[in-house]
Amino acid sequence: MKKVVFITGASQGLGKHCAIEFANRGYDLFLTARNYDALKQVETEIKNKYKVDCEIFLLDVTSLENWRHANDAFFHRYSNLDILLLNAGISNPVWFENFDLNNFRDTYETNIFGILNGIDTFLSHFLQKQSGTIAVVSSLADSRGFVGSSSYCSSKIALSYIAESAAIELADKNIKFINIRPGFVRTNMTAKNQYKMPFLMSPARASKIMVDGIEKGKDIISFPIITNILTKIIKHTPRFIYQKMITRWKDNQQNSANGNGR
Ligand SMILES: NC(=O)c1ccc[n+]([C@@H]2O[C@H](COP(=O)([O-])OP(=O)(O)OC[C@H]3O[C@@H](n4cnc5c(N)ncnc54)[C@H](OP(=O)(O)O)[C@@H]3O)[C@@H](O)[C@H]2O)c1
């Protein structure tokens with residue numbers, strides 16, 4: 001029997017490319033997001049190219065009620081879930097001088113509670129059958145508090161810690177809990193970044209690494225290797241050095257934003 005994967009945020013970017021990669025490997029799909037037209041396009045693209053079952057469903061991950069409906073729709077179509085890929089996420093860079101409480105609320109609602117809602121919905125299924133994989137998409141940005149991204153970085157470190165605890169606690173139930181930590185990937189999320197993103201990779205390449213790692217049952221999928229090493233170094237850099245480095249970077253950013261770039 002074909003394996004089935006449920007993906008959030010499948011209308012574009014990493015979620016869409018993971019859907020295509022899973023379809024290429026013969027998985028049946030249950031794809032979710034809020035944008036119906038974009039989801040429909042992904043479904044058409046997949047059905048035209050691959051002989052797999054593909055269902056789409058409108059789901060706002062922040063709504064537990066939406067998740068309950070998604071659960072019903074999923075089990076109406078399939079009897080078993082093999083992989084739950086909790087990928088949907090947002091990033092809205094805001095500097096502290098423009099502090100916006102709602103930015104923090106929205107980011108945490110999507111990047112943390114959006115994931116927890118999914119776990120709340122499907123964990124009992126995995127526990128009951130004592131098998132399956134839950135994969136969450138965190139980020140290498142969980143390494144340190146980067147400037148302009150405090151809401152995003154803090155949401156991702158929370159998610160990475162949740163994943164670390166869950167992986168240990170669920171291991172003896174034969175449930176794999178995978179933390180995926182990408183570096184910069186070319187998607188609509190990063191398109192708004194004004195700065196040069198080191199080792200930016202294509203979403204097709206990134207999703208291949210993600211799906212490879214999920215199939216191998218890795219605990220953590222951090223990539224690309226070079227950014228992973230750099231962020232590890234940054235993580236362990238003494239605070240006063242880190243502060244100097246990042247302050248210089250921040251000043252350069254603000255100068256170029258004000259048109260004073262050298
Ligand atoms: N791109 C990178 O460099 C990078 C690096 C590290 C980690 N990541 C992480 O990778 C994941 C995917 O990012 P991406 O780069 O592919 O971003 P993206 O192109 O902006 O796609 C984000 C996806 O999330 C969905 N989404 C957002 N809010 C949602 C909500 N409330 N309910 C349901 N779906 C929602 C969007 O779909 P709808 O708008 O249709 O709902 C969209 O499909 C995120 O968790 C992100 O933090 C990305």
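Predicted model, so just to flag it, every value in this text is computed and none were measured.

Colleague: Before we go on, may I ask you to explain unusual backbone geometry in this structure?
Modeller: Glycine aside, residues mostly have negative phi, and peptide bonds are mostly found in the trans state. The residue after F223, namely P224, is reached through a cis peptide bond having omega -10°. Even without being a glycine, N174 presents a positive backbone phi close to 65°. Note that N174 resides in the loop between α5 (150-170) and β6 (176-182). In this structure, F199 takes a positive phi of about 55° despite not being glycine.

Colleague: Would you explain the site of the ligand in this entry?
Modeller: In the vicinity of the ligand lie 31 residues, with S11, R34, Y152, V185 and T187 positioned nearest. Measuring from an oxygen atom of the ligand, one finds a backbone N or O atom of G9 at 3.0 Å. Calculation on the ligand without its partners gives an accessible area of 870 Å², and the protein chains cover 94% of this total. Those elements that provide at least two residues to the shell around the ligand are α1 (13-24), α5 and α6 (188-191).

Colleague: Help me understand the layout of surface pockets, please; the structure alone is not making it clear to me.
Modeller: Where empty space is left becomes clear once a probe the size of a water molecule has been rolled over the atoms. In this structure, the second largest pocket occupies an estimated 380 Å³ of space. Along the wall of the second largest pocket there are 19 residues; nearest its centre are D142, E164, N179, R181 and I220. Listing elements by their share of the lining of the second largest pocket, those giving two or more residues are α5, β6, β7 (220-223) and α8 (225-236). Here the lining of the second largest pocket is composed, by residue class, of six nonpolar, seven polar and six charged.

Colleague: Help me understand the pairing of strand β3 (residues 54-58) in this model?
Modeller: Note on strand geometry: in a regular strand, side chains alternate between the two faces of the sheet. Where strand β2 (residues 28-33) meets β3, five bridges bridge the pair, whose relative direction is parallel. Paired with L31 across the two strands is I56, which belongs to β3. For the crossover that starts at β2, traverses helix α2 (residues 36-49) and ends in the parallel β3, the hand is right-handed.

Colleague: How should I be thinking about α5 in this particular structure?
Modeller: An α-helical turn contains 3.6 residues, so any two residues separated by three or four positions project in the same direction. With 21 residues, α5 should cover 30 Å at 1.5 Å per step; its first-to-last C-alpha distance of 30 Å lies within 8% of that length. Three or more residues of α5 are buried, namely S151, Y152, C153, S155, K156, L159, S160, A163, A166, A167 and L170.

Rules and cut-offs
- Residues numbered from 1 in each chain as written.
- Predicted model: local features only at pLDDT ≥ 70, side-chain atom pairs only at ≥ 80, totals over all residues.
- Heavy atoms only, no water.
- Helix = DSSP H or I, 4+ residues; strand = E, 2+ residues; numbered from the N terminus.
- Near = heavy atom within 4 Å.
- Polar contact = N/O pair within 3.5 Å; in protein donor to acceptor, adjacent residues only side chain to side chain.
- Areas by Shrake-Rupley, 256 points an atom, 1.4 Å probe, with all protein chains shown as cover.
- 1 Å grid on protein atoms, 1.4 Å probe; cavity = no way out; pocket = protein on both sides within 12 Å on 5 of 7 lines; lining within 4 Å.
- Points joined across faces, edges and corners; volume = space filled by probe spheres on them.
- Nonpolar A, V, L, I, M, F, W, Y, C, P; charged D, E, K, R; others polar.
- Pairing = 2+ DSSP bridges.
- Right-handed = clockwise from strand over helix to strand, strands pointing away.
- Expected span 1.5 Å × (residues − 1).
- Buried < 20%, exposed > 50% of the residue type's maximum accessible area, 1.4 Å probe, protein only.

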